[in-house]
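Analysis of the macromolecular model
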Amino acid sequence: MATNILLVGVGGQGIILMSKVLAAGLAQMGYDIKMSEIHGMSQRGGTVTTQIRYGDKVYAPGIGEQEADCIVSFEKVEALRALPFLKKGGTMITDKHEIYSMPVLTGKAEYPGNALELMAEAVENLHIIPAMDKALELGNVRVQNICLLGALVKVLKLDAVDWKGLLADYVPEKALDLNKQAFAAGYAMI
Amino acid sequence: MVKEIMSGNEAIARGAWEAGCSFAAAYPGTPSTEILENLAEIREISARWANNEKTALEMAIGAAIGGLRSLAAMKHVGLNVAADPLCAVGYTGVNAGLVVVTADDPGCHSSQNEQDNRFYALLAKVALVEPSDSQECKDYIKEAFAISERFDIPVLFRVTTRICHSKGLVELEQPGETVVKPYQQNRSKYCMLPANARVRHVVREESLAELEEYANTSSLNRIEWGSRKLGIVTSGISYQYAKEVFGNSASILKLGLTNPLPRTLIKEFCGAVDEIYVIEEGEPFIENAVKALGFSCTGKDKIPITGELNASIVGAALAGKNPQAGYSVEVQAPPRPPVLCAGCPHRGFFWSLKKNKKRIVAMGDIGCYSLGVGEPFAGFETNLCMGAGISGTIGFAKALEKQGDPRKVLGMVGDSTFFHSGITSLIDVIHADANVIACILDNSITAMTGHQVNAGSDRDVQGNEVPAIDVVALIRGLGVPEDRLRVVDPLDLKAMQQALDAAVAVKGPFVIITKRPCVLIKEVARANAGRYCQVDPDKCVGCRACTLIACPAMAFKDNKSIIADPASCTACGLCMQMCKFDAISKVGE
């Protein structure tokens, strides 16, 4: 049986980098991996989704509705959008960060401020974490992704990998310490 | 054995390297773009971004006839542009191997249609190979080059978005020596005049028959025996969905070499199972062949022709696997459509166009500016294929004229699209003396596909210095007089309005070139770093005029406009020009 992870957010939030580090770690653990990223139009401020499946042998690269064991959302409303993909009993990790889309900015649609409260009533395993706030506190919004990676590693109990060591292959040297701190902070948030 | 996580596109490039391919050409198009980008990083390979898919394939054909293993890559609709050389090289055959990668897009993730390019293999009489994951992308490319040379036939290598952009573990092998086959003159083979073409058609039919014999025993076509109660015939990504749903419970005929189809093997398989399912995305390409062999099977009667497949769809259609109830909440997520970036030069163009809607009706084209179709700009009324934004105006203007519609027709293409097929379209406009406005939205890059260089750039994809083509000089060279030509900064709304006024005032062709580089170009972004606009809350009266340009860096809160995201604001100044109360100023200049 494969484990299915869905990463969702908005173009430019660093989802692709997070999925690369995650996949490299899973490969180190000896798993077969399939990962699916759809890019193109989504780069221009649209929704971005990455799907990662791992196990002894993985065939299909995609994840259908009600098939995700764990969803990590970089943004509140994207967690709401991805909710139908969560398996019953699965875990949702979401940043409480908000990014307004054009229909919201122009007043054509309303941003559902109470999305997390409603989700908390429905989803048993929900972790709302302030990854973006932590990144701001550390002084670089771009480490939000690695903070969320820390949280995901804790949830999935993927402790057999030296994640902090692995980060050196994926982030610039001058930002390595910051990323390690972000990882540790995210890990501690669960 | 070294294993690496690779996308299908990366694996295709790696496979070409391992196969000793040394020439590659492509035109950028999602989901195929990264193939050439990865090939360009390999020193042994001469890689080029072509002006369009036709010139890309023709370059590769030239190299293959000359003696180098060559590859051309394009998205599915690109093969429509390259169909002419494909059908010709189908007859001539090759010298060194030639592989044409077509990246189809079921689900229209970033395309105008879902055409199934496997049919091009039948039409052009070329071999067809379909991998089903990254490992096969690499392995099958090597096999494709071998088939191309052994049977003197071009190979169409068909992948789909889910193959191109999915990643999996790939076992790497050593890169191969560059293959060079000595060039030998052979006019009767390579000059497709009627007398030669008739002969070559006969030769091709014979070689296709030989290739079909090979296909019956090739390792690309294999049977995985399971229960004989159910036999599944499948290819490409659909194989993964079949395995996901049926595991090892059914027998599977997994096809990788699908033109010519291995009819003997299909008969052997279908004759040995009780019931047959054909699982394939898109059109019933294999299903039709199975039925033509006299077998009844389940396929497109249950599996949709439209859209992208996945394991859930296949499971629900064929295995009665219906999804369980999941989670839901009462509120809906507001839509998040892709938008023009903060600082995008196209925003000024589309705002100006919107203001002139009563006088101008516009036709669109393919590129970032396709995003101008959405609200609030609703920037154009048609959007079909590359180049049509300019040539389409000629007929459209005639049609409006016949109906007494006084509006002038405007067409638009980007710089890369202009080089792709807009040049010939513009020549038609000028030669037809059409009463239209032709706009070239020049942002100095092929932006939508992720910033590839084009003929307007002074460096090629491998970093070599090259002569940049001057769009304005080219258009002047076509005989467009100075009073019918304007070069404007699209973020200067006054200049934009003056250009449109001048264009509407005259009868006949008028050319407007909007010139300002994309804000995502590294050097431009660096120059703009630290620059942003700010709104003085005391001067802002909350009229919302500045929000009409739909800039994602702006927001409207507590009855005042604000620059909500200064980091993405480039201080382009468009919102300042919208403000009548002098409430917005630039910071960091």
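A brief structural summary.

Rules behind the numbers
Residues numbered from 1 in each chain as written. Chains lettered and ligands numbered in written order. Predicted model: local features only at pLDDT ≥ 70, side-chain atom pairs only at ≥ 80, totals over all residues. Heavy atoms only, no water. Helix = DSSP H or I, 4+ residues; strand = E, 2+ residues; numbered from the N terminus. Rg over C-alpha atoms; globule rule 2.2 N^0.38 Å. Contact = heavy atoms within 4.5 Å. Lys, Arg positive; Asp, Glu negative; His and termini not counted. Charge placed at Lys NZ, Arg CZ, Asp CG, Glu CD. Pairing = 2+ DSSP bridges. Axes fitted to C-alpha atoms, helices over the stretch in contact; angles between N-to-C directions. Salt bridge = Lys/Arg side-chain N within 4 Å of Asp/Glu carboxyl O. Buried < 20%, exposed > 50% of the residue type's maximum accessible area, 1.4 Å probe, protein only. Phe/Tyr/Trp six-rings, centres within 6.5 Å; stacked < 30°, edge-to-face > 60°. Arc of directions from axis to C-beta. Core = buried A, V, L, I, M, F, W, Y, C linked by side-chain atoms within 4.5 Å. Domains from an automatic or database assignment.

Secondary structure assignment for chain B yields 21 helices and 22 strands. For a compact globule of 589 residues, the expected C-alpha radius of gyration is about 25 Å, and chain B comes in at 27 Å, within 12% of that figure. For chain B, the spread of C-alpha atoms along the principal axes amounts to about 80 × 65 × 55 Å. Long-range contacts, defined as pairs at least 24 residues apart, comprise 74% of the intrachain contacts of chain B with a sequence gap of at least 6. In chain B, 60 positive and 66 negative side-chain charges are present, and the distance between their average locations comes to 4 Å.

Turning our attention to the sheet that holds strand E13 (residues 275-279) of chain B. Residue and element names in this part refer to chain B. Ordered in space as E9-E11-E10-E13, the four strands form an open sheet in which the pairing is mixed. The outermost strands of the open sheet, each flanked by one partner alone, are strand E9 (221-224) and E13. On average, adjacent strands in this sheet sit at an angle of 15° to one another, irrespective of strand direction. Both E9 and strand E11 (residues 250-255) contribute to a ladder of four bridges, which runs antiparallel. The residue bridging Glu 224 from the neighbouring strand is Ile 252, located in E11. Here helix H11 (residues 237-246) sits on the sheet and contacts E9, strand E10 (227-235), E11 and E13; the angle it forms with E10, its principal contact strand, is near 150°.

Before going further, it helps to spend a moment on the pattern of salt bridges. Residues and elements named next belong to chain B. Using the criterion set out here, one finds 42 salt bridges over all chains in the structure. Its salt-bridge partner being Lys 181, residue Glu 149 comes within 3.4 Å of it at the nearest N-O pair. Of the two residues, Glu 149 sits in helix H7 (residues 134-150) while Lys 181 sits in the loop between strand E8 (166-171) and helix H9 (187-190), which places them 32 residues apart along the sequence. Since its relative accessible area comes to 30%, Lys 181 is described here as partly exposed. Here Asp 152 makes a salt bridge to Arg 200, at a shortest N to O gap of 3.8 Å. Of this pair, Asp 152 sits in the loop between H7 and strand E7 (155-160) while Arg 200 sits in helix H10 (residues 194-217), and the two are 48 residues apart along the sequence. A residue is classified by how much of its surface remains accessible, and Asp 152, at 22% relative accessible area, is partly exposed.

All names here are of chain B. Counted according to the given criterion, the structure contains 11 aromatic pairs over all chains. On the numbers, 5.3 Å between centres and 80° between planes, the contact of Phe 119 with Phe 285 is edge-to-face. With a gap of 166 residues between them, Phe 119 in helix H6 (residues 118-124) and Phe 285 in helix H13 (residues 285-292) connect regions that are remote in the sequence. On the basis of relative accessibility, which here comes to 34%, the residue Phe 119 falls in the partly exposed class. In textbook terms, an aromatic cluster arises when at least three aromatic residues are bridged by ring pairs, as seen for Phe 349, Phe 350, Phe 377 and Phe 380.

Residues spaced three or four apart along an α-helix face the same direction, because each turn holds 3.6 residues. All names here are of chain A. Of all the positions in helix H4 (residues 115-122), only Ala 115, Leu 116, Leu 118 and Met 119 are classed as buried. The arc that holds the buried residues of H4, viewed along the axis, is 160°, so those residues lie on one side. Buried residues belonging to H4 abut helix H2 (76-82), strand E5 (86-95) and strand E6 (125-129).

Residue and element names in this part refer to chain B. By size, the foremost hydrophobic cluster in this structure holds 80 residues, and its most contacted members are Phe 349, Phe 350, Leu 410, Met 412, Ile 440, Ile 475 and Ile 512. Residue contributions to this core reach at least three from each of two domains, namely domain 3 (345-524) and domain 4 (530-587). Residue contacts for Phe 349: discarding those within four places in its chain leaves Leu 410, Met 412, Cys 439, Leu 441, Pro 490, Met 496 and Thr 514. Counting residues in hydrophobic clusters, the runner-up holds 64 residues, among them Ala 127, Phe 145, Ile 153 and Leu 172.

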